[in-house]
Amino acid sequence: MSHPIDLAVIGGSGLYQFPGLENATRQSIDTPYGPASGDVVVGDFVSRRIAFLARHGESHTLPPHRVNYRANMWALHHLGARRVVGVNAVGGIRHDMGPRAIVVPDQIIDYTHGRYTSFCDVEGAEVKHIDFSEPYTASLRAALVEASKRAGIAVIDGGCYGATQGPRLETRAEIARMKRDGCDLVGMTGMPEAALARELELDYACLALVANFAAGCGDEAEISIEEIFAHLAAATAAVPPILAEVLKS
Ligand code: HPA
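Given the structure is predicted, the values throughout are model-derived calculations rather than measurements.

Draft legend 1. Spotlight on the overall build of the chain. In terms of helices and strands, the chain carries six helices and 11 strands. When the backbone C-alpha atoms are referred to their principal axes, the chain occupies close to 55 × 45 × 35 Å. Counting every position in the chain, which comprises 249 residues, the buried fraction comes to 53%. A fraction of 81% describes how many contacts in the chain between residues 6 or more apart in sequence connect residues 24 or more apart. For the chain, the computed accessible surface area is about 11200 Å², with 50% contributed by carbon and sulfur atoms. The average position of the 22 basic charges and that of the 30 acidic charges among the side chains of the chain differ by 2 Å.

This is how it looks when you write it as structure tokens:
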């Protein structure tokens, strides 16, 4: 089979359908790891084939710690995807990463627990130690950054994504610790997704959409969940034009 998919996209909070997909078909994929978050929708976008999967389900029924990351990545790989962009809602820790900023991170620290983090923990599976010094694929990161420039959309190139367990937001002390650790962003879904993509030798990069300042980083005493979704809706509008430029190049 030639590569039928030019790009796979995993939509996060606020991105449950990919707008403007033509000739779309839904594929329900049986995986050895159980059900994916839902059907993969395959369709044409700017005359290229894309595969779209809503990470939390199309009605946002799966919290971050219950997403079947292995099934999702396996399904996209099985369909023939070779590169995957994860769209992730995040909180901004760094002062220039406020609400509606878009970041293409280049590093990760994983604070999650109790998730299946590898394809290697199935009986009889080959044990594979992957290099993860650079957790995102440099060429795909660069393609996202260049595409954003062509689309006239400001993105921040680089930053460290701290992956937390969720679904609750963090305490101020947790964010202060993450800041000391070197995290610039905080989100609940960046891991193990990135590591699983690497195990399958898929190109993978993240478009992080900042929904709020993380706890203690903004002026407000509390974080409003309504505001998170309002900022996310605004930032999400930038995703199709950026990906259109990635696909055209
Ligand atoms: N923390 C963790 N995940 C998030 C946040 C946050 O503040 N905002 C959006 N996703």
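Draft legend 2. Structural view of the site of the ligand. Close contacts around the ligand come from Ala89, Val90, Gly91, Leu169, Glu170, Val186, Gly187, Met188 and Asn212, and that covers them all. A distance of 3.4 Å is found between a nitrogen atom of the ligand and a backbone nitrogen or oxygen belonging to Gly91. A distance of 2.7 Å separates a nitrogen atom of the ligand from a polar atom in the side chain of Glu170. Summarising the interface, the protein chains cover 94% of the accessible area of the ligand, which totals 260 Å² for the free molecule. The element best represented in the shell around the ligand is strand S5 (residues 83–92), accounting for three residues. Residue composition of the shell around the ligand, grouped by class: five nonpolar, three polar and one charged.

Thresholds, definitions, all that
- Residues numbered from 1 in each chain as written.
- Predicted model: local features only at pLDDT ≥ 70, side-chain atom pairs only at ≥ 80, totals over all residues.
- Heavy atoms only, no water.
- Helix = DSSP H or I, 4+ residues; strand = E, 2+ residues; numbered from the N terminus.
- Buried < 20%, exposed > 50% of the residue type's maximum accessible area, 1.4 Å probe, protein only.
- Contact = heavy atoms within 4.5 Å.
- Areas by Shrake-Rupley, 256 points an atom, 1.4 Å probe, with all protein chains shown as cover.
- Lys, Arg positive; Asp, Glu negative; His and termini not counted.
- Charge placed at Lys NZ, Arg CZ, Asp CG, Glu CD.
- Near = heavy atom within 4 Å.
- Polar contact = N/O pair within 3.5 Å; in protein donor to acceptor, adjacent residues only side chain to side chain.
- Nonpolar A, V, L, I, M, F, W, Y, C, P; charged D, E, K, R; others polar.

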